[in-house]
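Tertiary structure, described
These are the residues of each chain, in order.
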Amino acid sequence: MRSTTRTLALAFAGLLLAACGHKDKDAPLAFVPADTPYVVANLDVLDDDTRTALLAQANAQLPAELAQLRAAADEMAAKDPDSANLLRAFAKELDGKSIEGFAQNAGLDLKGYSALYGLGLAPVLRFQLSDADAFEAFVGRLETAYGKKLDVASIGKQNYRRHVSAATGTELVLAVVGKQAVAAILPADAAQPLLRQALGLDRPAKNLQDDGRLEKLAKAKGYEKWAVGELDLARALPLAASGKDPLFGALFKARAQAESAKTGEPVANQLQIPASCQADATRIASRVPALSFGYTRLEAKHQDMRWDVALASDITQAFSGLKVELPGLGAAQGGSPFEFFLGLPVAQLRTFWSAQADAVTAKPFTCPALVDLNDSFAKLGPAMQKAAIPPFGDLLGLGLSLDSFTPGKGNAMPQFTGRLVLGTGNPAGLLAMGQMMTPALAQLKLAADGKPVALPPTLANMFGQPAWMAMGPKSLGLGIGAGEDAKLADALNAPAGNAGQMLRMHLSGQMYLDWVTLMQQKADGLAAAAAALGKDDSASPQDQADKAASDARTKAQFAAMRAQAARVESMDAEAHVDSDGLVITSQTTLK
């Protein structure tokens, strides 16, 4: 779903960016509670040229995204046909239009402030309108395509439309409030206080605009103000686990009713949530208390993002200062269209996860939904002891660099050239084990000088092309393909990881497209094999429809990924642990 996420981010950036200025008491953030568990909002504006470029990219991906939307509606149809029809109606409204054309027809202000946030766990989207009448006309067209009018209700003098989903126990609320449109998903029987706050008729005692939390977050993390998001897990997880959140309660009850219809288990029995669940959720959230993200660069041809995962202090202390001695982890080697380097310092990972296993053993989870974790952690302890056995206990990480990659036709293996590097504290021991398992390797004489040695023909023939191995002070390398011997020597001398660095990746647009092609081939092959093995002429029409909908959605997802890959020049990513948590950055260059 990466392409869907990217398209939504591009559309969100285009739709949400607004002119900055003094604080507006009616700005969307003024309606957001300061203690909301999640929020995504724009705090500043892009220039018109960049916004236009971003919308052009989103427009190019829109047909593939609409195909996914329709496929999702088809999957939903059996359990919730009304909601499926409404989703199809929305897709029809977008069909054949650009995003800016849709926004104009719907009265959405492309230069207006917007915010997506939670009232508890219930999502509310507020966005400014350029034309309230145009928005009403959009809803009218939506109803026409849907085939019937949405229910109209009122609270005080405020009218709103609602669509109730009996399958989920929720309702979609749409309203024009002043110069803003409001869309919210609430419990079908939402209490008046929740409904009034969702519509903005009642304001929160403290709001996010006055609190300034997003501005402080953006400044601390280096996010630009075009779109900033935060998920407060310390609030969200205990709220969900308590069973007291209205939206979670509605969804939970609907699921219990569906289960009761199948098994006869009383709904009341299923709705009982022990108090220990909230305590356990709070405990888990203390380990990963928050997630946040934002753009660090957003231009017509460059899109850089940063994600931050806050972590407990014992986690950051274990890894933030660690330098993983994996050649290539620290810097790009240049020239290879695909590079992936992952730090796996087994010694430090063993120590950390053994401590986590001991902590759970000393204080097991007691919430029924989480008790399986106790068994998992109980098995983790012995597994960590086994991981100490050489040469696995000496592992530092691995890196893969591909210089060429051609997906095979049909079931044929792909053709590739490149290098594999294993970081290890004991490369000679790892080589010795390989020689014990593969006698042909016993002929290989390697010194820890990084000089490549050709593999014996019996092994090289497995790859259908020349291959070499080399050993460094803390690494073993394998090169496959003509000319890879010279590159292998450089690979073992490439910079190791910086402090806290755990991952580095580089991907060209063409390589991305090749990977998508390979994944689609494999998915199609597996689907065909499953269909042949599991062919059942007695399958119900509904089962056949579900299968067809699932296949259609998969094809739509691959189409969206191909559309994205066709516009990408290159993608880079890096992950490291600092004193606050895990930091993931990405840089995308577009054609």
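The structure contained in this document is the topic of the report that follows.

So, how was this worked out
- Residues numbered from 1 in each chain as written.
- Predicted model: local features only at pLDDT ≥ 70, side-chain atom pairs only at ≥ 80, totals over all residues.
- Heavy atoms only, no water.
- Helix = DSSP H or I, 4+ residues; strand = E, 2+ residues; numbered from the N terminus.
- Rg over C-alpha atoms; globule rule 2.2 N^0.38 Å.
- Contact = heavy atoms within 4.5 Å.
- Lys, Arg positive; Asp, Glu negative; His and termini not counted.
- Charge placed at Lys NZ, Arg CZ, Asp CG, Glu CD.
- Polar contact = N/O pair within 3.5 Å; in protein donor to acceptor, adjacent residues only side chain to side chain.
- Pairing = 2+ DSSP bridges.
- Buried < 20%, exposed > 50% of the residue type's maximum accessible area, 1.4 Å probe, protein only.
- Arc of directions from axis to C-beta.
- Disulfide = S-S within 2.5 Å.
- 1 Å grid on protein atoms, 1.4 Å probe; cavity = no way out; pocket = protein on both sides within 12 Å on 5 of 7 lines; lining within 4 Å.
- Points joined across faces, edges and corners; volume = space filled by probe spheres on them.
- Nonpolar A, V, L, I, M, F, W, Y, C, P; charged D, E, K, R; others polar.
- Salt bridge = Lys/Arg side-chain N within 4 Å of Asp/Glu carboxyl O.
- Patch = residues over 30% accessible without salt bridge, like charges linked within 9 Å, V, L, I, M, F, W, Y side chains within 5 Å.
- Areas by Shrake-Rupley, 256 points an atom, 1.4 Å probe, with all protein chains shown as cover.
- Core = buried A, V, L, I, M, F, W, Y, C linked by side-chain atoms within 4.5 Å.
- Phe/Tyr/Trp six-rings, centres within 6.5 Å; stacked < 30°, edge-to-face > 60°.

Bringing the overall build of the chain into the picture now. The secondary structure content of the chain amounts to 20 helices and 19 strands. In terms of C-alpha radius of gyration, the chain reaches 27 Å, essentially the compact-globule figure of 25 Å for 591 residues. Along the first, second and third principal axes, the C-alpha set of the chain runs to 85 × 65 × 55 Å. Across the chain, every contact between residues at least 6 apart in sequence was considered, and the portion connecting residues at least 24 apart equals 69%. The average position of the 57 basic charges and that of the 61 acidic charges among the side chains of the chain differ by 1 Å.

A word on the environment of S404. Within the element layout of this structure, S404 appears in strand β12 (residues 395-406). Measuring from C-alpha to C-alpha, the distance between S404 and M511 comes to 8.3 Å, with 107 residues separating the pair along the chain. At 2.7 Å, the side chain of S404 forms a polar contact with the side chain of T417.

We now examine the pairing of strand β9 (residues 290-298). Sheet analysis places strand β8 (residues 228-232) next to β9, joined by five bridges and oriented antiparallel. Its bridge partner being in β9, L231 is matched across the sheet by L291. Hairpin connection, β9 to strand β10 (residues 302-310): the antiparallel pair is bridged by three residues.

Within helix α16 (residues 427-437), the full set of buried residues consists of P427, L431 and G434. For α16, the buried positions fall inside an angular range of 60° around the axis, keeping them on one side. Along α16, the residues that are exposed and aim more than 90 degrees away from the buried face are M436 and M437. Close packing links the buried residues of α16 with β13 (415-424), β15 (467-472) and β16 (475-480).

Attention now goes to the state of the cysteines. In this structure the tally under the stated criterion is one disulfide. In this model, C277 is linked to C367 through a disulfide, with the two sulfur atoms separated by 2.0 Å. With the S-S dihedral at roughly 80°, the linkage between C277 and C367 falls on the right-handed side. Note that C277 is positioned in helix α12 (residues 275-287) and C367 in the loop between α14 (346-362) and α15 (372-386), a separation of 90 residues in sequence. Comparing C277 with C367 shows no difference in burial state: the two are buried.

As a further point, take the environment of A167. By the element assignment, A167 lies in the loop between β5 (158-165) and β6 (170-177). With relative accessibility at 35%, the residue A167 sits in the partly exposed group. In the structure, A167 is positioned 153 residues away from S320 in sequence and 46 Å away in space, judged by C-alpha atoms. Residues within four places of A167 in sequence aside, it is in contact with K79, D80 and A254.

For the rest of this paragraph, the subject is the layout of surface pockets. Taken as a whole, the second largest pocket encloses approximately 640 Å³ of empty space. Elements represented by at least two residues in the lining of the second largest pocket include exactly α9 (233-242), α12, α13 (313-319), β11 (338-343), α14, α15 and β17 (501-508). No other element matches α14, which puts six residues into the lining of the second largest pocket. Split by residue class, the lining of the second largest pocket holds 23 nonpolar, three polar and two charged.

Moving on to the pattern of salt bridges. Here the structure, examined in full by the defined rule, presents 27 salt bridges. In this structure, D308 engages K221 in a salt bridge whose closest nitrogen and oxygen atoms are separated by 3.9 Å. Here the residue D308 occupies a position in strand β10, and K221 occupies one in helix α8 (residues 213-221), the gap between them amounting to 87 residues. There is no split in this pair, since D308 and K221 are both buried. Salt bridges here are not isolated pairs; linked through shared partners, they connect E136, E143, K149 and R161.

This paragraph deals with a nonpolar patch on the surface. On the surface, a nonpolar cluster with roughly 190 Å² of combined accessible area is contributed by L237, I284 and L373. Position of L373 among the secondary structure elements: in helix α15. What makes L373 partly exposed here is its relative accessible area of 31%.

With that out of the way, let us pick up the side chain of R213. Structurally, the position occupied by R213 is in helix α8. Looking at R213, the relative accessible area reads 18%, which means it is buried. Setting aside residues up to four positions removed in sequence, R213 forms contacts with A34, D35, T36, L208, E230 and R235.

The next point concerns the nonpolar core. Membership of the largest hydrophobic core comes to 32 residues, with the highest contact counts inside it found for L29, V39, Y117, Y160, L186 and L214. Residue assignment for this core shows that the elements contributing at least two residues are β1 (38-41), β2 (114-119), β3 (122-128), β4 (151-155), β6, β7 (180-187), α6 (192-199) and α8. Discounting chain neighbours no more than four positions away, the residues touching L186 are A122, T170, E171, V173, L194, L195, A198 and L247. L86, L108, L110 and F138 belong to the second-largest nonpolar core, a separate cluster that totals 26 residues.

With that settled, consider the environment of S320. With respect to the element layout, S320 can be found in the loop between α13 and β11. Once the C-alpha coordinates of S320 and L54 are considered, the two residues, 266 residues apart in sequence, prove to be 35 Å apart. If sequence neighbours within four positions are ignored, S320 has contacts with A499, G500, V577, D578 and S579. Within the structure, the side chain of S320 is placed 2.7 Å from the backbone oxygen of T316, a separation counted as a polar contact.

Here we take up the packing of aromatic side chains. One pair of aromatic rings is described through two measures. These are the centre distance and the angle between the planes. With the rule as written, the count across this model stands at nine aromatic pairs. Seen from their ring centres, F90 and F102 are 6.1 Å apart, and the 90° between their planes marks the pair as edge-to-face. Of the two residues, F90 sits in helix α3 (residues 81-94) while F102 sits in helix α4 (residues 99-106), which places them 12 residues apart along the sequence. Overall, the relative accessible area of 30% leaves F90 in the partly exposed class. Between F102 and F138, the ring centres sit 5.5 Å apart and the planes meet at 85°, which makes this aromatic pair edge-to-face. Linking F102 in helix α4 with F138 in helix α5 (residues 132-146), this pair joins segments that are 36 residues apart in sequence.

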